[in-house]
Amino acid sequence: MPHIAITMIPGRDMETKQMLARKTQAFIASELRIDCKFVSVSIQDIQPENWEQNMEQFPEDILFVKPGV
């Protein structure tokens, strides 16, 4: 059961976050050929001043796509 964790800077309303989560869920389920009920998605807002510190929690070996690449 995959879980997709999205972190981003604040500024989007709950409706936008819900739509993003549903679209992400549907895409992942389609790509993995599994039912949507097996995919969960979380969204966490990170303040811009804490962004770099937050990104440090992701080791290089699990960060498959880096910003700006």
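This text follows the structure it describes.
Below is a summary of the structure that appears in this document. (Residues numbered from 1 in each chain as written. Predicted model: local features only at pLDDT ≥ 70, side-chain atom pairs only at ≥ 80, totals over all residues. Heavy atoms only, no water.)

1. What to know about the pairing of strand 2 (residues 40–45)
Looking along a regular strand, one sees the side chains alternate between the two faces of the sheet. When strand 1 (residues 3–8) meets strand 2, the two strands line up parallel, connected through six bridges. Residue pairing in the sheet places methionine 8 in a bridge with aspartate 45 of strand 2. This β-α-β element, strand 1 to helix 1 (residues 14–32) to strand 2, shows right-handed connectivity. (Pairing = 2+ DSSP bridges. Helix = DSSP H or I, 4+ residues; strand = E, 2+ residues; numbered from the N terminus. Right-handed = clockwise from strand over helix to strand, strands pointing away.)

2. So, unusual backbone geometry
Positive phi, close to 55°, is recorded for arginine 33, a residue that is not glycine. By the secondary structure assignment, arginine 33 is in the loop between helix 1 and strand 2.

3. Here we look at a nonpolar patch on the surface
Taken together, the side chains of Met1, Leu32, Ile34 and Phe38 make up a nonpolar region of the molecular surface, amounting to roughly 420 Å² of accessible area. Judged by its relative accessible area of 32%, isoleucine 34 falls in the partly exposed class. (Patch = residues over 30% accessible without salt bridge, like charges linked within 9 Å, V, L, I, M, F, W, Y side chains within 5 Å. Areas by Shrake-Rupley, 256 points an atom, 1.4 Å probe, with all protein chains shown as cover. Salt bridge = Lys/Arg side-chain N within 4 Å of Asp/Glu carboxyl O. Buried < 20%, exposed > 50% of the residue type's maximum accessible area, 1.4 Å probe, protein only.)

4. With respect to helix 1
Here helix 1 spans 27 Å end to end across 19 residues, near enough to the 27 Å set by a 1.5 Å rise per residue. Burial in helix 1 covers these residues: Lys17, Ala21, Thr24, Gln25, Ile28 and Ala29. Viewed along the axis of helix 1, the buried residues span an arc of 125°, placing them on a single side of the element. Along helix 1, the residues that are exposed and aim more than 90 degrees away from the buried face are Glu15, Arg22, Lys23, Phe27, Ser30 and Glu31. Those residues of helix 1 that are buried are in contact with strand 1 and strand 2. Of the residues that open helix 1, the one with a side-chain oxygen 3.3 Å from the backbone nitrogen of glutamate 15 is aspartate 13. (Expected span 1.5 Å × (residues − 1). Arc of directions from axis to C-beta. Contact = heavy atoms within 4.5 Å. Polar contact = N/O pair within 3.5 Å; in protein donor to acceptor, adjacent residues only side chain to side chain.)

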